There are 2 protein chains.
Amino acid sequence: MINQFAIIVAGGSGNRMGSKIPKQFLPIAGKPILMHTIERFLEVSPTIQVILVLPSHQMNDWHLLCDQHDFYPAIITTNGGATRFQSVKNGLKCVRVKDGLVAVHDGVRPFVDVETIRQTYQIAAQDGAAVVAVAPKDSLRVVDQTGNKAVDRTAYRIIQTPQIFRLDWMQKAFETEDKPFFTDCASVLEHAGYAITLVDGNYENIKITTPEDLVWAEAFLSPK
Amino acid sequence: MINQFAIIVAGGSGNRMGSKIPKQFLPIAGKPILMHTIERFLEVSPTIQVILVLPSHQMNDWHLLCDQHDFYPAIITTNGGATRFQSVKNGLKCVRVKDGLVAVHDGVRPFVDVETIRQTYQIAAQDGAAVVAVAPKDSLRVVDQTGNKAVDRTAYRIIQTPQIFRLDWMQKAFETEDKPFFTDCASVLEHAGYAITLVDGNYENIKITTPEDLVWAEAFLSPK
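Residues numbered from 1 in each chain as written. Chains lettered and ligands numbered in written order. Predicted model: local features only at pLDDT ≥ 70, side-chain atom pairs only at ≥ 80, totals over all residues. Heavy atoms only, no water.

*Asks:* An account of the packing of helix α7 (residues 211-221) of chain A against helix α7 (residues 211-221) of chain B is requested, with residue identities and associated values reported.
*Replies:* Contact geometry for α7(A) and α7(B): axes closest at 8 Å, N-to-C directions at 135 degrees. Taken together, the axes of α7(A) and α7(B) are oblique relative to one another. The element α7(A) and its partner α7(B) pack so that their crossing is right-handed. Across the interface between the two elements, A:Glu212, A:Asp213, A:Val215, A:Trp216, A:Ala219 and A:Phe220 of α7(A) pack against B:Glu212, B:Asp213, B:Val215, B:Trp216, B:Ala219 and B:Phe220 of α7(B). Taken together, the residues of the contact of α7(A) with α7(B) break down into 8 nonpolar, no polar and 4 charged. (Axes fitted to C-alpha atoms, helices over the stretch in contact; angles between N-to-C directions. Helix = DSSP H or I, 4+ residues; strand = E, 2+ residues; numbered from the N terminus. Parallel < 35°, antiparallel > 145°, perpendicular 65-115°, else oblique. Left-handed = near helix turned anticlockwise from the far one by under 90°. Contact = heavy atoms within 4.5 Å. Nonpolar A, V, L, I, M, F, W, Y, C, P; charged D, E, K, R; others polar.)

See below:
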């Protein structure tokens, strides 16, 4: 059986929320967002090793929240770095086997579909690098110094997480230095020469960043 | 003074809402979405002539709702067509002057900022074609038969409405037949050879399409 890992990256502050509490700790349906996110992966399979990457100064609060919510999954916690690239790299150091698949997922995306995670692991097992994406719903234009023009939006995908990779590919790709165009792990793997397979995601898999997102989230989790 | 028009296009059903009521008629803060949207334009200036384009079979319900909500702005209503292109064209036929600026706006985008509308009219008066857009928050990839690759997301814009044009440019551009790549009015004007100026919009200016969007909308309008 393939070793499966999930690096959950949660480095956010509460700034855009207008809150002193880091957004990943804010509750939806009575429980911190980050716990919902972790549970999605444990639902896929309890054998997935979750590696939680958090800023060191948030560790106390996280563990207090775990006590409050009686939340004790066997997950690894490790300190985040100055950038997302560095945080993922720190998470990767916690993987101590030689083979496996490593998912990277945003801590504030609790609405990823469990079937999507499962399918993305499967496709990554086959192709080496699988990344969840959705088609844009709005028109897109590309801009340069001379102006802007419409592009065929059907040729584009908006990239989400999870992004799942072969461990050895990922280790190799993350040997490099951080670069300004590394906006996600897929760009790091691509830079190292690996091809990325896209997997259809769900639009509800939003990154919770504003107070309105939080209300949306509450609505999404309430009984239909 | 420049004649200002606003074609509000509302052709939606309630399908994705799981509702028999067309989504533009669903209430937020006790009032149909479409009325909120129309009010944004009347807030900009009561002299803006609003032209509401609705499917003919929704006209009865719309007028009943106007009675219920004591909503009687002096707006023109006209029947929608089979496509958005045709609907906008129908709205354009209601403009009976020679010069002016015509905004096109989605009926289910009630959260457009009033200042943004004002600014977009101003820029359209100057440049001829002004379209509201925001920068993508997620990574983007472009796909073709051979695979996909990361693109520099800072070079892209997600296009919203309002889209505001010189009346004569618009009339000229809409003389053509509908085309599959006409995903918005900007693409129609561009096809006719006119340059588009982009105007920074607000992320809250969402198109309300799902039940969760509706709850989000309710929260957005509630006292902060």
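*Asks:* Break down helix α1 (residues 33-44) of chain B for me, citing the residues and quoting the values.
*Replies:* Residue and element names in this part refer to chain B. If you check α1, its first and last C-alpha atoms are 18 Å apart, about what 12 residues at 1.5 Å a residue would give, namely 16 Å. For α1, a buried count of 9 out of 12 residues is recorded, marking the element as mostly surrounded by other parts of the structure. Taken residue by residue, α1 has Ile33, Leu34, Met35, His36, Thr37, Ile38, Arg40, Phe41 and Val44 as its buried positions. (Expected span 1.5 Å × (residues − 1). Buried < 20%, exposed > 50% of the residue type's maximum accessible area, 1.4 Å probe, protein only.)

*Asks:* Which residues make up the nonpolar core, and what values go with them?
*Replies:* Membership of the largest hydrophobic core comes to 31 residues, with the highest contact counts inside it found for B:Leu34, B:Ile38, B:Trp62 and B:Tyr121. Listing elements by their share of this core, those giving two or more residues are β1 (4-9), α1, β4 (49-54), α2 (59-68), β6 (101-106), α4 (114-127) and β7 (129-134) of chain B. When sequence neighbours within four positions are dropped, the list of residues in contact with B:Ile38 reads B:Ile8, B:Val50, B:Leu52, B:Trp62, B:Phe71 and B:Ile75. Judged by nonpolar contacts, the second largest core, of 30 residues, contains A:Ile8, A:Val50, A:Ile164 and A:Val199. (Core = buried A, V, L, I, M, F, W, Y, C linked by side-chain atoms within 4.5 Å.)

*Asks:* I'd like a description of the side chain of B:Ser87, backed by residues and values.
*Replies:* All names here are of chain B. Position of Ser87 relative to the elements: it lies in helix α3 (residues 84-93). Among the residues examined, Ser87 registers a relative accessible area of 8% and is labelled buried. Look past the residues within four positions of Ser87 in its chain and what remains in contact with it is Val9, Val53, Gly80 and Gly81.

Note that every value here comes from positions in space, so none of it alone points to a role or purpose.
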